[in-house]
Amino acid sequence: MSIIVFGSINIDLVATAPRLPVAGETLLGEEFFKVSGGKGANQAVALAKLGIPTQMVGRVGKDDFGGELINNLQASGVQIENIVVDETVSSGVAIIAVNHAGENQIIVIPGANGCINQEDVERLSHLLPTATALLLQLEIPINAVVAAAKAARKTKITVILDPAPAQSNLPDEFYPLVDIITPNEVEAAQLVGFAVDGEELAAKAAEVLLQRGVKCAIVKLGAKGVFCATAEEKFFVPAFPVHAVDTVAAGDAFNGGLTAALFEGLSLHQAVVWGAAAGALATTKPGAQTSLPDRFTFDAFLKES
């Protein structure tokens, strides 16, 4: 059995500076580097580096970036047989600015990711009988995401949605197809229509998401911790104290840790702890996939903490 990730594959072009620029400002930066990213690919690598059998379903362009992206996924242990090379468009690109506090600004050009359609959903559907969970995000067309969730529901596997980038108008039919939703504060606010800042408001947001049909709502509050709610239980997991240098892919690492724990048969509470640990570790290194912890590092961090 394996985990399937259906989503975006990007190349990340990262610039660091003391602070983030304001509108109309030209700012002198410090460093530039290029790393593989995309929320879908990041989550696939997060799982594979934790030792979980993982298949990636998505698209890249027929360009140098596309070949590099596929090679990097394969090198991380991700099964890449169901990644299509689209000859009509470029690969997806994310342009990222990061400041000294680890805060970031990101512009995403979808490229091949924006061309994902029903053909990709059909390729995905053939893999579902061999999977225990399907991970989804919102960097590919929403129609394809909803169709994938419907296909997963038919085969009764767990659907885990990271609702990022934030959207306020997800289809009503989508929520009941989702077993676990994992928004951060910004994404949760977009979904529920009010600010989400702290445990109390996270609990309120989670309740709204449960009422819409989601079976489990996990609201990530960054350094404040994580709130989790289902119809049967509600609990809060404090954040792991670390020195954050770059928060890029922290949410993807969280979903990787969460799903890895569930794959190994651990409880929901322990899975949220694993997610929080993986997310915290990812903030201690720059970049997206380069920041994701391997199993040895993860186990040692969890034991020490």
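None of the values given here were measured: they were computed from a predicted structure.

## Structural notes on the overall build of the protein
Here is step 1: Across its full length, the protein holds nine helices and 13 strands.
Here is step 2: On C-alpha atoms alone, the protein measures out to a radius of gyration of 18 Å, which is about the 19 Å that the 2.2 N^0.38 rule sets for 305 residues.
Here is step 3: Each of the three principal axes of the protein carries a C-alpha extent, and together these read 50 × 40 × 40 Å.
Here is step 4: The buried share of the protein, taken over its 305 residues, is 53%.
Here is step 5: In the protein, 67% of the contacts between residues at least 6 apart in sequence involve partners at least 24 apart.
Here is step 6: For the protein, the computed accessible surface area is about 12,800 Å², with 55% contributed by carbon and sulfur atoms.
Here is step 7: A gap of 5 Å separates the mean positions of the 20 positive and 33 negative side-chain charges of the protein.

## Focus: the UniProt feature "binding site: substrate" (unreviewed entry) in the protein
Here is step 1: Summarizing the sequence annotation, UniProt attributes the feature "binding site: substrate" (unreviewed entry) to N10, I11, D12, G38, K39, G40, A41, N42, E139 and D252 in the numbering used throughout.
Here is step 2: Among the polar contacts made by the side chain of E139, one reaches the side chain of S8 at a distance of 2.4 Å.
Here is step 3: Take D252: it is sitting in helix α7 (residues 250-263).
Here is step 4: Those residues in contact with D252 that sit more than four places away from it in its chain are K39, N42, Q43, A46 and D162.

## Observations regarding the packing of helix α8 (residues 268-282) against helix α9 (residues 295-304)
Here is step 1: Axis separation between α8 and α9 bottoms out at 10 Å; the angle between their running directions is 110°. On the basis of their axis angle, the class for α8 and α9 is roughly perpendicular. Between α8 and α9 lies a crossing of right-handed hand. For the pair formed by α8 and α9, the contact residues are V273, W274, A277, A278, A280 and L281 on the first element and R295, T297, F298, F301 and L302 on the second.
Here is step 2: Split into classes, the residues belonging to the contact of α8 with α9 amount to nine nonpolar, one polar and one charged.

## Re a nonpolar patch on the surface
Here is step 1: Taken together, the side chains of I95, I107 and I109 define a hydrophobic patch exposed on the protein surface, amounting to about 270 Å² of accessible area.
Here is step 2: With respect to the helices and strands, I107 occurs in strand β7 (residues 104-109).

## Observations regarding the sheet that holds strand β6 (residues 92-98)
Sheet strands associate in pairs through backbone hydrogen bonding, adopting either a parallel or an antiparallel arrangement.
Here is step 1: Spatially, four strands are ordered β3-β2-β6-β7 in an open sheet, and the strand pairing comes out mixed. Two strands close off the open sheet at either side, each with one partner strand: β3 (31-37) and β7. Taken pair by pair, the neighbouring strands of this sheet meet at an average axis angle of 20°, ignoring direction.
Here is step 2: Pairing geometry for β6 and β7, over six bridges, is antiparallel. Bridged to A97 within β7 is Q105.
Here is step 3: Lying on the sheet, helix α2 (residues 64-75) is in contact with β2 (10-16), β3 and β6; it crosses β3 at an angle near 65°.

The rules behind the values
The numbering scheme is per chain: residues are counted from 1 as the chain's sequence reads. Only residues with pLDDT of 70 or above have their local features reported here, since the model is predicted, and side-chain atom pairs are shown and tallied only from 80 upward, although totals for entire chains, interfaces and linings are computed over all residues. Side-chain figures throughout are based on the complete set of non-hydrogen atoms in the structure, without hydrogens or water. Segments assigned H or I by DSSP are reported as helices when at least four residues long, segments assigned E as strands when at least two residues long, and all are numbered from the N terminus. Throughout, the radius of gyration refers to the C-alpha atoms, and the reference size of a globule is 2.2 Å times the residue count to the power 0.38. Each residue's exposure class comes from its accessible area (1.4 Å probe, protein chains only) as a fraction of the maximum for that residue type: buried when under 20%, exposed when over 50%, partly exposed otherwise. The contact rule is simple, with two residues in contact once any of their heavy atoms fall within 4.5 Å. Note on areas: Shrake-Rupley with a 1.4 Å probe; residue coverage comes only from the protein chains shown. None of His or the chain ends enter the tally, which takes Lys and Arg as positive and Asp and Glu as negative. Lysine's charge is taken at NZ, arginine's at CZ, aspartate's at CG and glutamate's at CD. UniProt positions are given in the numbering used here, feature names are shortened, and annotations may be inferred rather than shown by experiment. Under this definition, polar contacts are N or O atom pairs within 3.5 Å; protein pairs additionally need one hydrogen-donor-capable and one acceptor-capable atom, and for neighbouring residues in sequence, both atoms have to be side-chain atoms. What counts as an axis is a line fitted to C-alpha atoms, over the stretch in contact for a helix, and the angles between N-to-C directions run from 0 to 180 degrees. Any angle that falls under 35 degrees is termed roughly parallel, while one over 145 is termed roughly antiparallel, one within 65 to 115 roughly perpendicular, and all others oblique. Crossing handedness is defined as follows: a turn of the near helix away from the far one that is anticlockwise and smaller than a right angle gives a left-handed crossing, while the clockwise case is right-handed. Amino acids are sorted into nonpolar (Ala, Val, Leu, Ile, Met, Phe, Trp, Tyr, Cys and Pro), charged (Asp, Glu, Lys and Arg) and polar (every other residue, Gly among them). Patch criteria: residues need more than 30% relative accessible area and no salt bridge. Like-charged residues are merged within 9 Å; nonpolar side chains of Val, Leu, Ile, Met, Phe, Trp and Tyr are merged within 5 Å. The term salt bridge refers to a pairing of a side-chain nitrogen on Lys or Arg with a carboxyl oxygen on Asp or Glu at a separation within 4 Å. In short, DSSP must find at least two bridges between two strands for them to pair.

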